[in-house]
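Overview (structure and organization)
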Amino acid sequence: MERDNGPGPVNDFTLPSPAKLNLCLHIVGRRPDGYHELQTLFQFLDYGDDITFRPAEEDNHDIHLEPSIPGVADKENLILRAARLLAGTQNQKLPGVILSVDKRLPMGGGLGGGSSNAATVLLGLNHYWQLGMTLDQLAELGLQLGADVPVFVRGHAAWGEGVGERLTPANPPENWFLVLKPACDINTGKIFSEQGLTRNTPRIKIAPAFEGDASRYRNDCEDVVRKLYPEVNQGLKWLSQFGPARLTGTGACIFGRFPTESAARIIWESKPSGITGFVAQGVNISPLHTKLTELT
Ligand SMILES: C[C@@](CO)(OP(=O)(O)O)[C@H](O)COP(=O)(O)OP(=O)(O)OC[C@H]1O[C@@H](n2ccc(N)nc2=O)[C@H](O)[C@@H]1O
Ligand SMILES: Nc1ncnc2c1ncn2[C@@H]1O[C@H](COP(=O)(O)OP(=O)(O)O)[C@@H](O)[C@H]1O
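What counts as what
Residues numbered from 1 in each chain as written. Chains lettered and ligands numbered in written order. Predicted model: local features only at pLDDT ≥ 70, side-chain atom pairs only at ≥ 80, totals over all residues. Pairing = 2+ DSSP bridges. Helix = DSSP H or I, 4+ residues; strand = E, 2+ residues; numbered from the N terminus. Near = placed C-beta within 6 Å. Nonpolar A, V, L, I, M, F, W, Y, C, P; charged D, E, K, R; others polar. Domains from an automatic or database assignment. Contact = placed C-beta atoms within 7 Å. Buried ≥ 20, exposed ≤ 12 C-beta atoms within 10 Å, placed from the backbone. Arc of directions from axis to C-beta. UniProt positions renumbered as here; feature names shortened; annotations may be inferred.

1. Thoughts on the pairing of strand S5 (residues 158-162)
Here 5 bridges tie strand S2 (residues 36-55) to S5, and the two strands are oriented antiparallel to one another. When the bridges of S5 are listed, glutamine 39 appears paired with glutamate 161. Of the pairings in the sheet, the one linking S5 to strand S6 (residues 166-169) comprises 4 bridges and is antiparallel in character. Bridge pairing links glutamate 161 to arginine 166 in S6. Counting the residues in the hairpin turn of S5 and S6 gives 3 residues, including glycine 164, whose phi is positive at 115°.

The following block contains the structure:
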């Protein structure tokens, strides 16, 4: 069926917006603008938010988010910012769209939910509006919204350098993870401005396999976060009884790694009260890209 107000699918479609883990995160320097240079191993989880794209009525060219996310002003929301940024690259009126998000990822948890939402919107609207933009173009656009957006746009687990935008595809083992959200909120900017933060970890030349020496491959934010947030410290102590446990990003989420789903679920059943979380598998191809391939 052809529509009169431009190209694109006429039916609703829903795309995943997965979480990421930083399997390790090293701070290797600081740029003149104050941003920290990182080396990090990104892997996706088969768990995250869902974003639905609903075509607006004919002749309606507006972009809406319905409902808004409580606590996030629409003009700050990375979903709308990504949609408007993409629309702004085009010299044509585009069909309107109503976006809605089924939020499962804790916000500000180091799981990259906002960045992932932005990437899902960039790829979803590129599909809906049939813009034919390449992943390179969308990743470059996404970087304007946040350092973690490009990895979600490219959709392959990666060794990230720079502020996380220089990406080399990687294939860490697709283990199962128990992800816990200690009951505290952590601001990324605050952690990066802490005096005690390790900022001089030697650069590694080759992307590590996560299986490697746990003391060599770590999260440099962990010591500072443990000192400032007792909830994270207690969570890590508890989780590390069962195997390797680590912080993702600047937290607050922590994860333990397990060889099977059932091993992770057994520990999940015994988690301390007052801590939320989920069990998910690490995946090297983003569920977003798997779903998009099915749509096209
Ligand atoms: C740490 C990471 C690791 O994946 O993830 P999260 O914990 O946010 O998920 C990212 O690099 C987060 O990158 P990004 O999404 O750009 O961080 P923002 O929240 O915008 O950063 C807030 C502030 O932290 C500081 N910042 C951030 C990133 C970086 N590489 N160096 C910095 O110094 C800057 O002062 C910045 O203004
Ligand atoms: N669509 C969105 N989803 C989540 N957070 C968003 C969104 N848009 C803007 N934000 C803002 O971005 C901040 C960081 O969110 P998020 O990406 O989920 O965490 P993190 O960067 O710690 O992994 C949130 O605290 C919120 O204020």
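2. A word on the site of ligand 2
The environment of ligand 2 is formed by 19 residues, the closest being Leu78, Gly108, Gly113, Gly114 and Asn117. Contributions of two or more residues to the shell around ligand 2 are made by helix H1 (78-87) and helix H2 (113-128). Per-element accounting of the shell around ligand 2 gives the leading share, 4 residues, to H2. Here the shell around ligand 2 is built from residues that sort into 7 nonpolar, 11 polar and 1 charged.

3. Thoughts on the site of ligand 1
The local shell around ligand 1 holds 20 residues, among which His36, Ala147, Gly189, Phe192 and Gly249 are the closest. Mapped onto the shell around ligand 1, the elements with two or more residues apiece are strand S1 (13-30), S2 and helix H5 (188-192). Here the residues of the shell around ligand 1 sort into 6 nonpolar, 13 polar and 1 charged.

4. Observations concerning the domain arrangement of the protein
One can read the domain layout of the protein as domain 1 (13-170) and domain 2 (176-283). Between domain 1 and domain 2, the C-alpha centre-to-centre distance is 23 Å. On the side of domain 2, 32 residues touch domain 1, which itself brings 27 residues to the contact. Looking at the side of domain 1 that touches domain 2, the elements that each hand over two or more residues are S1 and S2. Looking at the side of domain 1 that touches domain 2 element by element, the count peaks at 10 residues for S1.

5. Some words on helix H3 (residues 135-143)
Three or more residues of H3 are buried, namely Leu138, Ala139, Leu141 and Gly142. Buried residues of H3, viewed axially, fall in a sector of 160°; they line one side. Along its buried surface, H3 packs onto H1, H2 and helix H4 (149-154).

6. Concerning the UniProt feature "domain: GHMP kinase C-terminal" (unreviewed entry) in the protein
The sites that carry the UniProt feature "domain: GHMP kinase C-terminal" (unreviewed entry) are, in the present numbering, residues 218-268. Each end of residues 218-268 is marked by a C-alpha atom, and these two atoms are 23 Å apart; helix forms 49% of the span and strand 16%.

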